[in-house]
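Listed below are the residues making up each chain.
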Amino acid sequence: MRTTTVDVRTGDGVADAYLVRPDGEGPFPAVLVFMDAFGLRPRLAEMAEHIAARGHVVLVPNLFYRAGRSPLFDLSLLGDPGQRGAIFARIGPHMAALTPEVVARDAAAYLDFLAALDGVAPGPVAAVGYCMGGMNALRAIEAHPQRIAALASFHAGRVVTDAPDSPHLGVGSVTGELYFAHADHDRSMTAEQIATLERTLDAAGVRYRSEVYEGAPHGFTMADTAEYDEKATQRHWAAMFDLLDRTFGR
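Description of the structure in this document. (Residues numbered from 1 in each chain as written. Predicted model: local features only at pLDDT ≥ 70, side-chain atom pairs only at ≥ 80, totals over all residues. Heavy atoms only, no water.)

**Section: the overall build of the chain**
Moving on, step 1. Of regular secondary structure, the chain possesses six helices and eight strands.
Moving on, step 2. Counting from the amino terminus, helix and strand elements in the chain follow one another as β-β-β-α-β-α-α-β-α-β-β-α-β-α.
Moving on, step 3. Compactness check: the chain gives a C-alpha radius of gyration of 17 Å against a globular reference of 18 Å for 250 residues, within 12% of the reference.
Moving on, step 4. For the chain, the C-alpha atoms occupy an extent of roughly 45 × 45 × 35 Å along the three principal directions.
Moving on, step 5. Sorting the 250 residues of the chain into buried and exposed places 53% on the buried side.
Moving on, step 6. Separation of charge centres in the chain, based on 22 positive and 31 negative side chains, amounts to 2 Å. (Helix = DSSP H or I, 4+ residues; strand = E, 2+ residues; numbered from the N terminus. Rg over C-alpha atoms; globule rule 2.2 N^0.38 Å. Buried < 20%, exposed > 50% of the residue type's maximum accessible area, 1.4 Å probe, protein only. Lys, Arg positive; Asp, Glu negative; His and termini not counted. Charge placed at Lys NZ, Arg CZ, Asp CG, Glu CD.)

Structure (C-alpha cells):
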C-alpha cells in the first residue's frame, strides 16, 4: 500500500488528508472516511490502511482544516481517561463549526477529489464515520445520495437531537444502505435516541442495519484511547467489510 498526505482544495481553503492506495493499478472503489473528533493521527492512518488492503482507495480528510493542518491538538494524554474532558473542551468549538451546510460543501470537494484520481473506479463511493464522523458522514450521504452508495457509522453521537436540523431528520433523501453500530449505554446516543433513529429510517423506507455492541463504550474502535474494545473493534471490521463487499459487488 501507499500512504501519503495530500491536499484537497475546498471552497473554504485546503484540507490536509491521508490518502491510501492499495497495490496494483485498479481501478479500485473509493472509501471516504470521516474522522473522529481527535483528528488525523497514526491510529486513523492504520485504520485507513486496513480498509485499503481490501482493495479500496481511502481518503481521510482533516475535517477541522479551517483551524489549521493536523495535528491541531496535543493528544499525548489521549489514553488517560481523566484527560478526556479537557481534550474535548478544546475540540468542542471546531466540532460546532461543522454545520450541515459546511459538511455538505466539504463532502462535495472530497468526492470531487476522489473522482479525479487515477485508479479510482467510476461511480459512487462508500463512506465510513467514527464518533463525530459518523454523524457528519450521515449528513454527507443525505446531501449527496447519488454520489455515496453506502455508509458505515460506528459509535456516532448526536445523530438524534431536538434541533430542527438533527441529522436523523434528513434520511428521507438517502438511496443507499446504512449501517449503524452503537456503543452500549452511550450518553451521546441513548437507547431512546437509537429507537427514534430506527423509527425514522423505517418510515423513510431506508435500507439499514442498526446494532448495539453490548458492553462496548463510546469510541470503542480507537486503540489509542482508554475506550478501546478489541472484541467490538473486530466486530466492526466484519460489519464494515460485509457492507463494502455488498456495495461494490464483491
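**Quick notes on the packing of helix H3 (residues 100–116) against helix H4 (residues 132–143)**
Moving on, step 1. Look at H3 against H4: their axes get within 9 Å of each other, and the N-to-C directions meet at 70°. If you check the angle between H3 and H4, you find them roughly perpendicular. The two elements H3 and H4 meet at a crossing, and its hand is right-handed. Residues Pro100, Val103, Ala104 and Ala107 of H3 lie in contact with H4, whose contacting residues are Asn136, Arg139, Ala140 and Ala143.
Moving on, step 2. Among the residues making up the contact of H3 with H4, the classes are represented as six nonpolar, one polar and one charged. (Axes fitted to C-alpha atoms, helices over the stretch in contact; angles between N-to-C directions. Parallel < 35°, antiparallel > 145°, perpendicular 65-115°, else oblique. Left-handed = near helix turned anticlockwise from the far one by under 90°. Contact = heavy atoms within 4.5 Å. Nonpolar A, V, L, I, M, F, W, Y, C, P; charged D, E, K, R; others polar.)

**Let's talk about the pairing of strand S3 (residues 30–34)**
Looking along a regular strand, one sees the side chains alternate between the two faces of the sheet.
Moving on, step 1. A large share of S3 lies buried, amounting to five of its five residues.
Moving on, step 2. Of the strand pairs in this sheet, S3 and strand S4 (residues 57–61) are connected by three bridges, and their pairing is parallel. The partner of Val31 across the bridge, within S4, is Val58.
Moving on, step 3. Following the chain from S3 across helix H1 (residues 42–52) to the adjacent parallel S4, one finds a crossover that is right-handed.
Moving on, step 4. Taken together, the four bridges between S3 and strand S5 (residues 125–130) define a ladder with parallel strand orientation. (Pairing = 2+ DSSP bridges. Right-handed = clockwise from strand over helix to strand, strands pointing away.)

**Description of the sheet that holds strand S7 (residues 177–183)**
Moving on, step 1. Taking strand neighbours across the sheet as the criterion, the eight strands line up as S1-S2-S4-S3-S5-S6-S7-S8 in an open arrangement whose pairing is mixed. Since the sheet does not close on itself, it has two edges, and those belong to strand S1 (2–10) and strand S8 (207–213), each with one partner. Looking at each pair of strands side by side, their axes are set apart by 20° on average, direction ignored.
Moving on, step 2. Direction of pairing for strand S2 (residues 13–21) relative to S4: antiparallel, over a ladder of four bridges. The partner of Leu19 across the bridge, within S4, is Leu59.

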